Amino acid sequence: MDLTGSVSVFETLGNDRATKAVTKLTQWIGSMGVENGGTVVKMLGDGVLMSFANNRNAVDAMVLIQQEHAKRVMQWPDRLKLMMQIGMARGQVVVVDGDCFGDAVNVASRLSDLAGPEQIMPPTP
């Protein structure tokens, strides 16, 4: 999961305030993922890498997070809106020192890059 609109937020708020806003949002996303059966692998600045043992939980959590976030940002000024683009993939990963590696991680990252704001890109079957 990555956030879009960060450049505008940093230009509007400045580095300190924007960093706090982005961090607060990514922490909220991580906590929502954990509450819905996921594990936060790492925070990536304006992104969050999460792992789920159950595919259905992963889909449900991402949809819920996106819906809740959309409600939250409705009243934010356009120049401060941070929208989500989400890439999802399933498969085996290798965990080394708390970090995940493997094709599923790489595919999810590429799909996130291809997703537009407010989109969830699952892999094609």
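Data block above holds the structure.
Residues numbered from 1 in each chain as written. Predicted model: local features only at pLDDT ≥ 70, side-chain atom pairs only at ≥ 80, totals over all residues. Heavy atoms only, no water.

Novice: Hey, could you run me through the sheet that holds strand 7 (residues 119–121) in this one?
Specialist: The strands that make up a sheet are held in pairs by hydrogen bonds between backbone atoms, and each pair lies either parallel or antiparallel. Taken together, 3 strands build an open sheet; the order of strands is 1-4-7 and the sheet is mixed. The open sheet has two free edges, formed respectively by strand 1 (2–4) and strand 7, since each of these has just one partner strand. The average undirected angle you get between the axes of adjacent strands in this sheet is 25°. Strand direction decides the pairing type here: strand 4 (residues 83–87) and strand 7, joined by 3 bridges, are parallel. Among the inter-strand pairings, Ile 86 is bridged to a residue of strand 7, identified as Ile 120. (Pairing = 2+ DSSP bridges. Helix = DSSP H or I, 4+ residues; strand = E, 2+ residues; numbered from the N terminus. Axes fitted to C-alpha atoms, helices over the stretch in contact; angles between N-to-C directions.)

Novice: What am I meant to see in the side chain of Gln 66 here?
Specialist: Here Gln 66 shows up in helix 3 (residues 55–73). Taking relative accessible area as the criterion, Gln 66 reaches 15% and is therefore assigned buried. Side-chain polar atoms of Gln 66 contact the backbone oxygen of Glu 118, separated by 3.2 Å. (Buried < 20%, exposed > 50% of the residue type's maximum accessible area, 1.4 Å probe, protein only. Polar contact = N/O pair within 3.5 Å; in protein donor to acceptor, adjacent residues only side chain to side chain.)

Novice: What should I look at first to understand the nonpolar core in this one?
Specialist: Side chains of a nonpolar character, in soluble globular proteins, are inclined to be buried together. Membership of the largest hydrophobic core comes to 21 residues, with the highest contact counts inside it found for Leu 3, Ile 29, Met 62, Ile 65 and Met 84. Broken down by secondary-structure element, the contributors of at least two residues to this core are helix 1 (6–13), helix 2 (15–35), strand 3 (48–52), helix 3 and strand 4. Met 62 has contacts with Met 50, Phe 52, Ile 86, Met 88 and Ile 120, leaving out every residue within four places of it along the chain. (Core = buried A, V, L, I, M, F, W, Y, C linked by side-chain atoms within 4.5 Å. Contact = heavy atoms within 4.5 Å.)

Novice: Can you walk me through unusual backbone geometry in this structure?
Specialist: Glycine aside, residues mostly have negative phi angles, and peptide bonds mostly take the trans form. One non-glycine residue with positive phi stands out, namely Glu 118, at about 70°. With respect to the element layout, Glu 118 can be found in the loop between helix 4 (103–114) and strand 7. You can call Glu 118 partly exposed: its relative accessible area is 48%.

Novice: Please explain the side chain of His 69 as it appears in this structure.
Specialist: Its location among the elements puts His 69 in helix 3. Classification of His 69 by relative accessible area gives buried; the value is 2%. Discounting chain neighbours no more than four positions away, the residues touching His 69 are Leu 25, Trp 28, Trp 76, Leu 82, Met 83 and Met 84.

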